[in-house]
Amino acid sequence: MINREFASFRAYIELLRPPLAPMDIAMPAASALLAVYAVEGTLPPLVPFLIAVLGAYCAITSSYVYNDCCDIDVDKVGMPSRPLPSARLSRRQAQHWSLFLFLIALSAALYLNPESFVILVLATILAGIYSAWAKRNTPFSWVFVGLSYGLVPLGVWLAMEPAGILKAGAGIHPASLILAAMICITDWGFTNCDAARDVEGDRKEGIPTTPATFGILATAKMVALFWLVGIALSIALGPASDLGWIYLLAAIVTGGWLLLQNWDFVRHPTAKRGEQFFYQSVTYRAWLFAALIIDVLLRATLLSALPQVGWL
């Protein structure tokens, strides 16, 4: 009995996609810190910060679980060891888990700012369209998931610094829009790499993803364009939000490294290389947002105490 319960618990955790957790936690944490720093030049209060990060993480993982509920047939071919195709959890159990995560995100958004609630609802609708309809009907389904994921940092930003529409605030900061666009466009690349590793299952099930429809090589070239634009936006985020050299250096170095990996993906357009590049993209995002967090923490604390240390 204990072993069975532990196995079920482990399956629930697997649905959250733990390998993506560094990216999925670092992104909302960086967004919350950056929002308050860019507007007020300080750090956010601890409790709202933690609520915003938890809410965003639950919103992201809720969409992962719902997507797995829609993809059981495909995963039976490409990823049969996942909790649902391996029957370690039922579809109904996963649906309840997705709903529970969404309700946590919903509660956090309502508590912090009704504007964040609106963003959460819109992002959830877009993610739902992607999983339930677009992925099986158009090779451009990634548009929906990118728009959904790009709304996450905007929702977190509004949770910390309201736009003044539904709750009193300073207005929409330009850096919040740059951040949202950066995440949206890079997620278009990220999602297509994910699809490239599932191309065998998608073709077998007749799912017209971009790699299944146009081939992995064409997808790799398109992904390169998305990452090029996204990395340029990541660099532009620095001066737009008064970040320092720590972040800018990290954005340039990690962005350059990722573009080299993308070039290798173009030269070796296989499902295996697409999967490798997918996880390299996770690493890139985690390091980029870690650098952003460090930069904000230093500039909001040490720099205010030691203004002469201008190179920070």
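Note that the structure is predicted; figures quoted are calculated from it, not measured.

Definitions and cut-offs
- Residues numbered from 1 in each chain as written.
- Predicted model: local features only at pLDDT ≥ 70, side-chain atom pairs only at ≥ 80, totals over all residues.
- Heavy atoms only, no water.
- Helix = DSSP H or I, 4+ residues; strand = E, 2+ residues; numbered from the N terminus.
- Buried < 20%, exposed > 50% of the residue type's maximum accessible area, 1.4 Å probe, protein only.
- Contact = heavy atoms within 4.5 Å.
- Salt bridge = Lys/Arg side-chain N within 4 Å of Asp/Glu carboxyl O.
- Expected span 1.5 Å × (residues − 1).
- Patch = residues over 30% accessible without salt bridge, like charges linked within 9 Å, V, L, I, M, F, W, Y side chains within 5 Å.
- Areas by Shrake-Rupley, 256 points an atom, 1.4 Å probe, with all protein chains shown as cover.
- Axes fitted to C-alpha atoms, helices over the stretch in contact; angles between N-to-C directions.
- Parallel < 35°, antiparallel > 145°, perpendicular 65-115°, else oblique.
- Left-handed = near helix turned anticlockwise from the far one by under 90°.
- Nonpolar A, V, L, I, M, F, W, Y, C, P; charged D, E, K, R; others polar.

(A) Structural context of unusual backbone geometry. If you check the backbone angles, Arg17 has positive phi at about 60 degrees while not being a glycine. For Arg17, the location among the structural elements is in the loop between helix 1 (2-14) and helix 2 (21-40). According to the relative accessible area criterion, Arg17 is buried, its value standing at 14%.

(B) Focus on the environment of Ala196. The topology assignment puts Ala196 in helix 8 (residues 174-197). Each C-alpha atom, one on Ala196 and one on Gly215, is 8.6 Å from the other, the two residues being 19 residues apart in sequence. In this structure, Ala196 is in contact with Pro211, Ile216, Phe265, Ala271 and Gly274, ignoring residues within four places of it in sequence.

(C) Region of the structure containing the pattern of salt bridges. Scanning the entire structure with this criterion turns up 15 salt bridges. Arg136 is paired through a salt bridge with Asp73; the nearest N and O atoms lie 2.9 Å apart. In this pair, Arg136 is assigned in the loop between helix 6 (114-132) and helix 7 (142-160) and Asp73 in helix 4 (residues 72-78), connecting sequence segments 63 residues apart. By relative accessible area, which is 28% here, Arg136 ends up partly exposed. Overall, Asp73 belongs to the partly exposed group, its relative accessible area being 30%. For Arg273, the salt bridge goes to Asp264, with nearest N and O atoms at 2.6 Å. On the basis of relative accessibility, which here comes to 23%, the residue Asp264 falls in the partly exposed class. Each of Arg17, Asp68, Asp75 and Arg82 takes part in salt bridges that share partners, so that together they form one network.

(D) Layout of helix 12 (residues 245-267). End to end, helix 12 covers 33 Å across 23 residues, agreeing with the expected 33 Å (1.5 Å per residue, within 8%). Within the sequence span of helix 12, burial applies to Tyr247, Leu248, Ala250, Ala251, Thr254, Gly255, Leu258, Gln261, Asn262, Phe265 and Val266.

(E) Expanded view of a nonpolar patch on the surface. Together, Val118, Ile165, Leu166, Ile172 and Leu177 line one region of the surface with nonpolar side chains, adding up to about 500 Å² of accessible area. When you line up the elements, Val118 lands in helix 6.

(F) Spatial organisation of the packing of helix 3 (residues 46-70) against helix 5 (residues 91-112). Two elements in contact, helix 3 and helix 5, have axes whose closest approach is 8 Å; the angle formed by their N-to-C orientations is 155 degrees. Accordingly, the angle class assigned to the pair helix 3 and helix 5 is roughly antiparallel. Judged by the sense of rotation from one axis to the other, the crossing of helix 3 with helix 5 is left-handed. Among the residues forming the contact of helix 3 with helix 5, the class breakdown is 19 nonpolar, 5 polar and 1 charged.

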